[in-house]
Amino acid sequence: MAEEQAPQGVDPTIPSVARMYDYYLGGKDNFASDRAAAEKFIEIVPGIRMMAQANRVFLRRAVTELAGQGIRQFLDIGSGLPTQENVHQVAHRIIPDARVTYVDNDPIVLAHGRALLSDNPYTIVVPGDMREPKALLDSPEIRASIDFDEPVALILLAMLHFVPDDAVADQIVASVREVLPSGSHLVISHAFAGRSSEEAHARADRVYRSTTAGSITSRGPAELAAYLEGLEVLTPGIVPVEAWRPEPEEDVTIDFTLPSILGAVARVP
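Everything in this summary refers to the structure shown in the same document. All figures in this text were calculated on a predicted structure; none of them were measured in a lab.

So, the side chain of N120
Right, on to step 1. Here N120 shows up in the loop between helix 5 (107-116) and strand 3 (123-127).
Right, on to step 2. Of the polar contacts made by the side chain of N120, one reaches the backbone nitrogen of Y122; its length is 3.0 Å.
Right, on to step 3. Those residues in contact with N120 that sit more than four places away from it in its chain are H88 and H92.

Here it is, written out as structure tokens:
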């Protein structure tokens, strides 16, 4: 993506977490600043590309499971740039008329998504910021697309680690849980530093302080368990995303001492 092609209101010199994630996944929708920041992070967490790919596989597996259970509505908050095996592509293989609503606050994400989905009657992309959950969930566009009287799969994939304040993160989860009726599911993944050194934590945070997100925060299994308290957590529980229902031929070892992205899917009783 040439820097002169940046949409109005987008500063291509400031790295975006959505475009950095696109770079981790091998995408082309990123600027030089995004690639430079991503490479700095790769130096600190060499496995981040594989983690990002595993996070996408986790998303595919979770959506496949929930659509297979009959969930017909998906709300993906912080959806990021379109890539392969997006929520609507996975869900529509099982339920062709499932409603999928993507939410993001990055102008490039919104522009790309709307262009790609302009002819899809069951999928929309709307602006919103998870740090303002009430305004997001009360959005007329979301309310027109999602019926909160029926089960919803609400997805917070690799998003909460950009909220450094634990109280704010808690409030985001509480707010989204509050609107979910019985039979809904919460799909969540989150960065976890394992037993990385304090120096590595500080270096990683410095990289993300230069981005639109402002920081990145590690939270572990205990913190994720608190988000899901009172819900029915699907097997295998809270695990590194690559260990969430792997294929039989995959040899996956769970090691909570290593940096990873943790994932879980939980049902609202």
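Side note on the layout of surface pockets
Right, on to step 1. In this model, the second largest pocket occupies a volume close to 260 Å³.
Right, on to step 2. Around the second largest pocket sit 13 residues that line it, and M50, M51, E242, P259 and S260 are the ones nearest its centre.
Right, on to step 3. Every element with two or more residues in the lining of the second largest pocket is listed here: helix 3 (48-68) and strand 8 (260-267).
Right, on to step 4. Looking at the lining of the second largest pocket element by element, the count peaks at four residues for helix 3.
Right, on to step 5. Taken together, the residues of the lining of the second largest pocket sort by class into seven nonpolar, four polar and two charged.

A few points about the packing of helix 1 (residues 17-24) against helix 3
Packed helices, taken two at a time, are described by the angle their axes make and the gap between the axes.
Right, on to step 1. Two numbers describe how helix 1 lies on helix 3: the axes approach to 8 Å, and their chain directions differ by 100 degrees. Comparing the axis directions of helix 1 and helix 3 gives the class roughly perpendicular. Here Y21, Y23 and Y24 of helix 1 come into contact with helix 3, specifically with I48, R49, A52, Q53, N55 and R56.
Right, on to step 2. Across the contact of helix 1 with helix 3, the residue classes break down as five nonpolar, two polar and two charged.

Thoughts on the environment of A200
Right, on to step 1. Assignment of secondary structure puts A200 in helix 9 (residues 198-209).
Right, on to step 2. Along the primary structure A200 and V45 are separated by 155 residues, whereas in three dimensions their C-alpha atoms are 8.6 Å apart.

Some points on the packing of aromatic side chains
Right, on to step 1. A full pass over the atoms with the stated rule returns four aromatic pairs.
Right, on to step 2. Centre to centre, the rings of F41 and Y208 are 5.1 Å apart; their planes meet at 90 degrees, and the pair counts as edge-to-face. With a gap of 167 residues between them, F41 in helix 2 (residues 32-44) and Y208 in helix 9 connect regions that are remote in the sequence.
Right, on to step 3. You can call F41 buried: its relative accessible area is 6%.
Right, on to step 4. A residue is classified by how much of its surface remains accessible, and Y208, at 4% relative accessible area, is buried.
Right, on to step 5. Through successive ring pairs, a cluster of aromatic residues spans Y24, F41, F162 and Y208.
Right, on to step 6. A cation sits over an aromatic face here: R49 above Y23, 4.7 Å from the ring centre.

Some words on the pairing of strand 2 (residues 99-104)
Right, on to step 1. Most of strand 2 sits inside the fold, with five of its six residues counted as buried.
Right, on to step 2. Relative to strand 2, strand 1 (residues 73-77) is paired through five bridges, and the arrangement is parallel. In the strand pairing of strand 2, L75 is matched with T101.
Right, on to step 3. For the crossover that starts at strand 1, traverses helix 4 (residues 87-94) and ends in the parallel strand 2, the hand is right-handed.
Right, on to step 4. Chirality of the crossover, the property in question, places the unit of strand 2, helix 5 and strand 3 among those that are right-handed.

Quick look at the packing of helix 2 against helix 9
Right, on to step 1. Closest axis-to-axis distance for the helix 2/helix 9 pair is 9 Å, and the angle between their directions is 170 degrees. Considering the angle they form, helix 2 stands roughly antiparallel to helix 9. Across the interface between the two elements, A37, K40, F41, E43 and I44 of helix 2 pack against A200, R203, A204, V207 and Y208 of helix 9.
Right, on to step 2. Per-class residue counts for the contact of helix 2 with helix 9 are seven nonpolar, no polar and three charged.

So, the environment of T101
Right, on to step 1. Following the sequence through the fold, T101 ends up in strand 2.
Right, on to step 2. Judged by its relative accessible area of 0%, T101 falls in the buried class.
Right, on to step 3. Spatially, the C-alpha atom of T101 lies 22 Å from that of V163, the residues being 62 residues apart in sequence.
Right, on to step 4. Setting aside residues no more than four positions away along its own chain, T101 makes contact with F74, L75, D76, I124, V126, I142, S145 and I146.

A look at helix 3
Right, on to step 1. In this model, helix 3 (21 residues) spans 30 Å end to end at C-alpha, consistent with the 30 Å of a helix rising 1.5 Å per residue.
Right, on to step 2. Phi turns positive, to about 100 degrees, at G70, one or two residues after helix 3.

Topic: the pattern of salt bridges
Right, on to step 1. Taken as a whole and judged by the stated rule, the model has 16 salt bridges.
Right, on to step 2. Between R245 and E65 there is a salt bridge whose closest N-O contact spans 3.1 Å. Here the residue R245 occupies a position in the loop between strand 7 (239-240) and strand 8, and E65 occupies one in helix 3, the gap between them amounting to 180 residues.
Right, on to step 3. A salt bridge links E199 to R203, with the shortest nitrogen-to-oxygen separation between them at 3.8 Å. Pair noted here: E199 and R203 are both in helix 9, with a separation of four residues, about one helical turn.
Right, on to step 4. By relative accessible area, which is 47% here, E199 ends up partly exposed.

Calculation criteria
Residues numbered from 1 in each chain as written. Predicted model: local features only at pLDDT ≥ 70, side-chain atom pairs only at ≥ 80, totals over all residues. Heavy atoms only, no water. Helix = DSSP H or I, 4+ residues; strand = E, 2+ residues; numbered from the N terminus. Polar contact = N/O pair within 3.5 Å; in protein donor to acceptor, adjacent residues only side chain to side chain. Contact = heavy atoms within 4.5 Å. 1 Å grid on protein atoms, 1.4 Å probe; cavity = no way out; pocket = protein on both sides within 12 Å on 5 of 7 lines; lining within 4 Å. Points joined across faces, edges and corners; volume = space filled by probe spheres on them. Nonpolar A, V, L, I, M, F, W, Y, C, P; charged D, E, K, R; others polar. Axes fitted to C-alpha atoms, helices over the stretch in contact; angles between N-to-C directions. Parallel < 35°, antiparallel > 145°, perpendicular 65-115°, else oblique. Phe/Tyr/Trp six-rings, centres within 6.5 Å; stacked < 30°, edge-to-face > 60°. Buried < 20%, exposed > 50% of the residue type's maximum accessible area, 1.4 Å probe, protein only. Lys NZ or Arg CZ within 6 Å of the ring centre and 35° of its normal. Pairing = 2+ DSSP bridges. Right-handed = clockwise from strand over helix to strand, strands pointing away. Expected span 1.5 Å × (residues − 1). Salt bridge = Lys/Arg side-chain N within 4 Å of Asp/Glu carboxyl O.

That's the geometry; what it means functionally is another story.
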